[in-house]
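Chain by chain, the residues run as shown.
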Amino acid sequence: MCLGIPGRILKIDDETRKLATVDVSGVRRQVNIACIVSDEHPVSSCVGDWVLIHVGFAMSRIDEAEAALTLQILTELGEAQAELETMRLTAA
Amino acid sequence: MKYVDEFRDRDKAKILVTEIDALVATMDIPDDRPLQIMEVCGGHTHSIFRYGVEGMLPKEIELVHGPGCPVCVLPMGRVDDCVSIAERPDVIFTTFGDAMRVPGSKKSLLQAKADGADVRMVYSPMDALAIARANPEREVVFFGLGFETTMPSTALTILQAEAEGTSNFSVFCNHITIVPTIKAILDSPDLQLDGFLGPGHVSMVIGAAPYEFIADHYKKPMVVAGFEPLDILQSIWMVLKQIKEGRAEVENQYARIVPYEGNEAALGAVARVYELREHFEWRGLGSIDHSGVRLRENYAGFDAERKFAVPNVRIADPSACQCGEVLKGVIKPWQCKVFGTACTPEQPLGALMVSSEGACAAYFQYGGQKRDRQMAAAP
């Protein structure tokens, strides 16, 4: 819940409501991207971005290396597995 | 030092430990009064134990594991309120999985579910809103929990519910805020702390600026830190360097994620939806002024506390628990009377045993060389 999990934005689902589909280690899930968009970074420019996701909300844009490192530490802490399982269960 | 072998970058870790040793060697630290550095965030606590960071540090440095686990600090009375809402036949009660096992005075949400209440685990508040849309004849309540990291997500979900007119959705708001809590710890008369590691993901939202009072007013160093063991070692070194040079500043080791000014969109949603409560109750710490938020009057229709009559009874922490003393660094987890006996991760009595981010659960799970060493050295 408190540690963000990295994912990559695959497509924009709803430009007005700022919803996008992300891929998190193979699990696809809709997230809200309101907190990472701005005039310089409009919704349409977010596809392909790596982001840190907290409880279904992208909270920070990160680079690919940081994403890989974060995922590894979450796996070692045993948190990535639990988070992915919850995402999988609730993605339907 | 077996844990060092697990580091991705063993050489860097060894260099950092050597630099910490060298710095400590130049400082005048009395044998009976080690430097105490508090990591505020439960994510750091988990990482510190997982990678055995404490065992790598010289004996002159002690890490104190702070209150930054929102699941752990949830008071029993609030869990009772959750159970009371969840047991209403018209309600679907939605919660993060972490909160299911937190003990109330009679039962946890997990036990309430076993007894027939409609309690559902969700990954996101957005899932709770989707359940509300799909069940217009039921009242769907989301258990809003967490520090500033998760506060914006609940706020944005409420704004979405308002925009689309989903009126059978509400939030039982238990969001808490970190700054007044750090202040309460700093004002504590038995405080001995010499510096802080600042939370990473809370700071991603609020920025580093709100911590300036720690340096300005209390003259303590604060370094906002990442979660990698290397981040933590580097941040400890930065705190020590400040102490050595007689500085007290807010420094940002985690600048790759944490902007000084925070996340504008997230802070905007938070300011729009919530206002500070006069005080909020913490398990282990008691009541702390302005440490929780509630929904503003404009969003009263989405406030489960206004929608349902909750008992709102204050339940005292079990008297055997010494969570408050552990949180402030006065005693170590294993020095608590009930640690590992009446209080275990399977049957938690106190707050800090509840989640893997709580100091006692982490001690219990990972033990650690440092504890063994301290126990051996104890008179």
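Anything mentioned here points back to the structure above.
Worth saying up front: this structure is predicted, and the values here are computed from it rather than measured.

Draft legend 1. Focus on the interface of chain B and chain A. Contact residues are listed per partner, giving 42 residues for chain B and 34 residues for chain A. Of the roughly 3100 Å² buried where chain B meets chain A, counting both sides, 64% is carbon and sulfur surface. For the pair chain B and chain A, the interface holds 3 salt bridges. A salt bridge links E66(A) to R256(B), with the shortest nitrogen-to-oxygen separation between them at 2.5 Å. At the junction of chain B with chain A, the criterion picks out 10 residue pairs in polar contact (both at pLDDT 80 or more). Broken down by secondary-structure element, the contributors of at least two residues to the side of chain B that touches chain A are α2 (42–50), α6 (125–134), β5 (139–146), α7 (151–164), α9 (200–206) and α12 (264–273) of chain B. When residues in the side of chain B that touches chain A are grouped by element, the largest group, 6 residues, is from α7(B). Partitioning the side of chain B that touches chain A into residue classes produces 20 nonpolar, 13 polar and 9 charged.

Draft legend 2. Highlighting the nonpolar core. Judged by nonpolar contacts, the single largest core of 119 residues is most densely connected at I33(A), F169(B), Y211(B) and I236(B). By residue number, the principal contributor to this core is helix α11 (residues 229–244) of chain B, which donates 7 residues. If sequence neighbours within four positions are ignored, F169(B) has contacts with P125(B), A128(B), L129(B), A132(B), V140(B), F142(B), T157(B), I158(B), A161(B), G301(B), F302(B) and K307(B). In terms of nonpolar packing, the next biggest core, distinct from the first, is built from 45 residues, F49(B), V102(B), C321(B) and V326(B) among them.

Draft legend 3. The arrangement of the sheet that holds strand β7 (residues 195–198) of chain B in detail. Residue and element names in this part refer to chain B. Here 5 strands make up an open sheet; going across it, the order is β2-β1-β7-β8-β9 and the pairing parallel. On the outer flanks of this sheet lie β2 (61–68) and β9 (250–252), each paired with one strand and no other. Taking the axes of each pair of neighbouring strands and ignoring which way they run, one obtains an average angle of 20 degrees across the sheet. Pairing between strand β1 (residues 35–41) and β2: 6 bridges, direction parallel. Each bridged residue has a counterpart across the sheet, and for C41 the counterpart in β2 is G68.

Draft legend 4. Representation of the pairing of strand β11 (residues 279–282) of chain B in the model. Residue and element names in this part refer to chain B. Of the two faces of β11, the one holding F280 and W282 is buried and the one holding H279 and E281 is not buried anywhere. As defined by bridge partners, β11 adjoins strand β12 (residues 286–289) across 4 bridges and the pair is classed as antiparallel. Across the sheet, the residue bridging to F280 is I288, located in β12. What sits between the antiparallel neighbours β11 and β12 is a turn of 3 residues, in which G284 has the positive phi angle 90 degrees.

Rules used in this analysis
Residues numbered from 1 in each chain as written. Chains lettered and ligands numbered in written order. Predicted model: local features only at pLDDT ≥ 70, side-chain atom pairs only at ≥ 80, totals over all residues. Heavy atoms only, no water. Contact = heavy atoms within 4.5 Å. Buried area = accessible area lost by both parts, 1.4 Å probe. Salt bridge = Lys/Arg side-chain N within 4 Å of Asp/Glu carboxyl O. Polar contact = N/O pair within 3.5 Å; in protein donor to acceptor, adjacent residues only side chain to side chain. Helix = DSSP H or I, 4+ residues; strand = E, 2+ residues; numbered from the N terminus. Nonpolar A, V, L, I, M, F, W, Y, C, P; charged D, E, K, R; others polar. Core = buried A, V, L, I, M, F, W, Y, C linked by side-chain atoms within 4.5 Å. Buried < 20%, exposed > 50% of the residue type's maximum accessible area, 1.4 Å probe, protein only. Pairing = 2+ DSSP bridges. Axes fitted to C-alpha atoms, helices over the stretch in contact; angles between N-to-C directions.

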